[in-house]
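# Structural overview for review
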Amino acid sequence: MTLREHLRAAGSDLRRHGLRTLLTMLGIIFGVGAVVSMLSIGAGAQAQALEAIDSLGLRNIIVRDKELDQQERFTLRERSLGLALSDLEGIRRVATDVIAASARKEVRSDRVLSSGGRSEARVLGVGREHFELMGLRVGRGSLFDPDEEASFRRVAVLGDKAARELFSYRDPVGEAVKVGEVWFTVVGVLTPQAVSQESFEGVELESSDLSVFIPITTALKVFDRGVLDSELDEIVLQVEQGASIGSTAVLVSSILTGLHGGETDFTLVVPEELLAQSQRTRRIFNVVMVGIAGISLLVGGIGIMNIMLASVLERTREIGIRRAMGARQVDIRYQFLSEAVLISVLGGLIGVAMGFSIAWAVALYSNWTTVVTGFSVALSLGFAVVIGLVFGTYPAVNAAKLDPIEALRYE
């Protein structure tokens, strides 16, 4: 008999015992479904991690002013003034692997107004390089230029959502917005930047959509800040390609500690290290989940072997008749092995559909990102086929070894 004939005969026998076949498949279905769904959750977490790192900049080092209460600030100010533009200059002079840098300061403002609306957008004073370092792109108009930054010009670049709140769907470029009591001219609007999570590995993520960006020089000159507040909230540094980000981060920390009188009143965020930590966690998660799913597949394989052994016993007389009519041992072996593999493949396909459904339900009801990959489908189906081959071999060999005479006498 050909392979096609073996499969057709196996399918016919499985249909005759539909309920038994379905029950035999359950272990494979649940195991494959678990593998597909768990790996889809892991792949979704990886996609979210890459999105988060993209918003922070993989080659960046972010220095943030440490959050302190008033008493701690008062005590520290005797030795350190906190993050300042002078820190940025000091880093540029010493850390030669830093090829770009920008400062940021959030302006205290209750609201931003325009002729057509108002917004609760954050107002951020930034250097022009900030947009490139954080991967922000202008959709309309332009960014403020170095001359406008150097001359303390009152110009602003709006995030996408801030522009819509202030001007609806009108073109804001050239229009005026009021920050506190100061008017700014809009020179550009950024493209949307959706951030699907508020934090990543304990680090707060921020979208540019509800933000108004003004030159850092203008922000420091025009707006007042608290007596104990640092001059800057954040410094973003970009490390040269090929240079060690970890070593540069250590050097930056040493420079700032020296400039701040030995105080570490700042925190360093290294996106590359955050990504590596996330990937380690995801790998452990995947190994544990696939291991648990593998146990389900193993149980399913044992179920297949038990049912096939029972089937051999039940069909002993049939085997004897086939042998008497000229069937070879290899034909009998392939007959039962085909049934075992077919059970595994069908169970695997149903399991893949189940895995898709679980991944979809998780994404819908828990607001997690899930991504079903071709690798997870191929891996789970491959496991299912191997399970069918391994656990179907013993019953198939037993069936092939039956003595034809004894088989014919079996009742």
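Residues numbered from 1 in each chain as written. Predicted model: local features only at pLDDT ≥ 70, side-chain atom pairs only at ≥ 80, totals over all residues. Heavy atoms only, no water.

### Let's talk about the overall build of the chain
Broken down by element type, the chain carries 14 helices and 14 strands. Expressed as a percentage of the 411 residues in the chain, the buried residues total 46%. Taking the intrachain contacts of the chain between residues at least 6 apart in sequence as the baseline, contacts between residues at least 24 apart amount to 80%. (Helix = DSSP H or I, 4+ residues; strand = E, 2+ residues; numbered from the N terminus. Buried < 20%, exposed > 50% of the residue type's maximum accessible area, 1.4 Å probe, protein only. Contact = heavy atoms within 4.5 Å.)

### Some words on the packing of aromatic side chains
One pass over the structure, following the stated rule, counts 3 aromatic pairs. Ring geometry for F131 versus F144: centroids 5.6 Å apart, planes at 70°, classification edge-to-face. Placement of F131 in helix α5 (residues 129–133) and of F144 in the loop between β6 (138–141) and α6 (146–150) is noted, with a sequence separation of 13 residues between them. Exposure remark for F144: the relative accessible area of 0% places this residue in the buried category. Judged by centre distance (5.4 Å) and plane angle (70°), the rings of F131 and F213 are edge-to-face. One end of the pair, F131, is in helix α5; the other, F213, is in strand β12 (residues 211–215), and 82 residues separate them in sequence. Each member of the pair, F131 as well as F213, carries the same accessibility label: buried. One aromatic cluster is present, built from ring pairs that chain together F131, F144 and F213. For K221, the ring lying beneath its charged end belongs to F152, and the centroid distance is 4.9 Å. (Phe/Tyr/Trp six-rings, centres within 6.5 Å; stacked < 30°, edge-to-face > 60°. Lys NZ or Arg CZ within 6 Å of the ring centre and 35° of its normal.)

### Quick look at unusual backbone geometry
At F152, a position not held by glycine, the phi torsion is positive, near 60°. Looking at F152, the relative accessible area reads 39%, which means it is partly exposed. Of note, S168 is a non-glycine position whose phi angle comes to about 55°, a positive value. Here S168 shows up in the loop between α7 (160–167) and β8 (176–179). Given the relative accessible area of 44%, S168 is considered partly exposed.

### Concerning α7
For α7, the full list of buried residues reads D160, A162, A163, L166 and F167. Viewed end-on, α7 has its buried residues packed into an arc of 160°, placing them on one side of the element. In this structure, the buried side of α7 is in contact with β3 (112–114), β4 (118–119), β7 (155–158), β8, β9 (182–190) and β12. Of the residues trailing α7, S168 is marked for its positive phi of about 55°. (Arc of directions from axis to C-beta.)

### Description of the pattern of salt bridges
Applying the stated criterion across every chain yields a total of 7 salt bridges. In this structure, R64 and E234 form a salt bridge, with 2.9 Å as the shortest nitrogen-oxygen distance. With R64 in strand β1 (residues 60–65) and E234 in strand β13 (residues 234–239), the pair connects residues that are 170 residues apart, well separated along the chain. Its relative accessible area of 17% is what places R64 among the buried residues. In this structure, R92 and E129 form a salt bridge, with 3.3 Å as the shortest nitrogen-oxygen distance. One end of the pair, R92, is in helix α4 (residues 85–94); the other, E129, is in helix α5, with 37 residues separating them in the sequence. The exposure class of R92 is partly exposed, given its relative accessible area of 38%. (Salt bridge = Lys/Arg side-chain N within 4 Å of Asp/Glu carboxyl O.)

### Focus on the environment of V397
For V397, the location among the structural elements is in helix α13 (residues 374–400). When its relative accessible area of 24% is taken as the criterion, V397 is described as partly exposed. Between the alpha carbons of V397 and F336 there is a distance of 8.7 Å; along the sequence they are 61 residues apart.

### As for the environment of N286
As for its position among the elements, N286 is in helix α10 (residues 271–314). Between the C-alpha atoms of N286 and I41, which are 245 residues apart in sequence, the distance is 9.1 Å. Setting aside chain neighbours within four positions, we find N286 in contact with M38, L39 and G42.

### Structural notes on helix α9 (residues 245–259)
Taking 1.5 Å of rise per residue, the 15 residues of α9 would be expected to cover 21 Å, and the 21 Å separating its terminal C-alpha atoms lies within 8% of that figure. Three or more residues of α9 are buried, namely I245, T248, A249, V252, I255 and L256. For α9, the angular spread of buried residues about the axis comes to 125°, placing them on one side. Looking at α9, the residues exposed on the side facing more than 90 degrees away from the buried face are V250 and G258. Positive phi shows up at G261, right after α9, with a value of about 65°. (Expected span 1.5 Å × (residues − 1).)

### Notes on the nonpolar core
Core analysis: the biggest nonpolar cluster contains 22 residues, and V63, I91, I235 and L237 have the highest contact counts within it. Where this core is concerned, the elements lending two or more residues are β1, α4, β2 (98–107), β13 and α9. Among the elements that make up this core, the one with the highest residue count is α9 (5 residues). With 21 residues, the next largest nonpolar core counts V32, V312, F336 and A396 among its residues. (Core = buried A, V, L, I, M, F, W, Y, C linked by side-chain atoms within 4.5 Å.)

### Section: the confidence of the model for the chain
Close inspection of predicted coordinates is inappropriate in any region flagged by low pLDDT. Confidence along the chain averages 79 in pLDDT terms, with 83% of residues attaining 70 or more. Taken element by element, the predicted model of the chain shows its lowest mean pLDDT in strand β10 (residues 199–200) (50) and its highest in β7 (92). (pLDDT = per-residue confidence, 0-100.)

### Structural notes on the environment of S142
With respect to the secondary-structure elements, S142 resides in the loop between β6 and α6. Owing to a relative accessible area of 38%, S142 belongs among the partly exposed residues under this scheme. For the pair S142 and L190, spaced 48 residues apart in sequence, the C-alpha separation works out to 8.8 Å. Those residues within four positions of S142 in sequence are excluded, and the remaining contacts are V157, V187 and G188.

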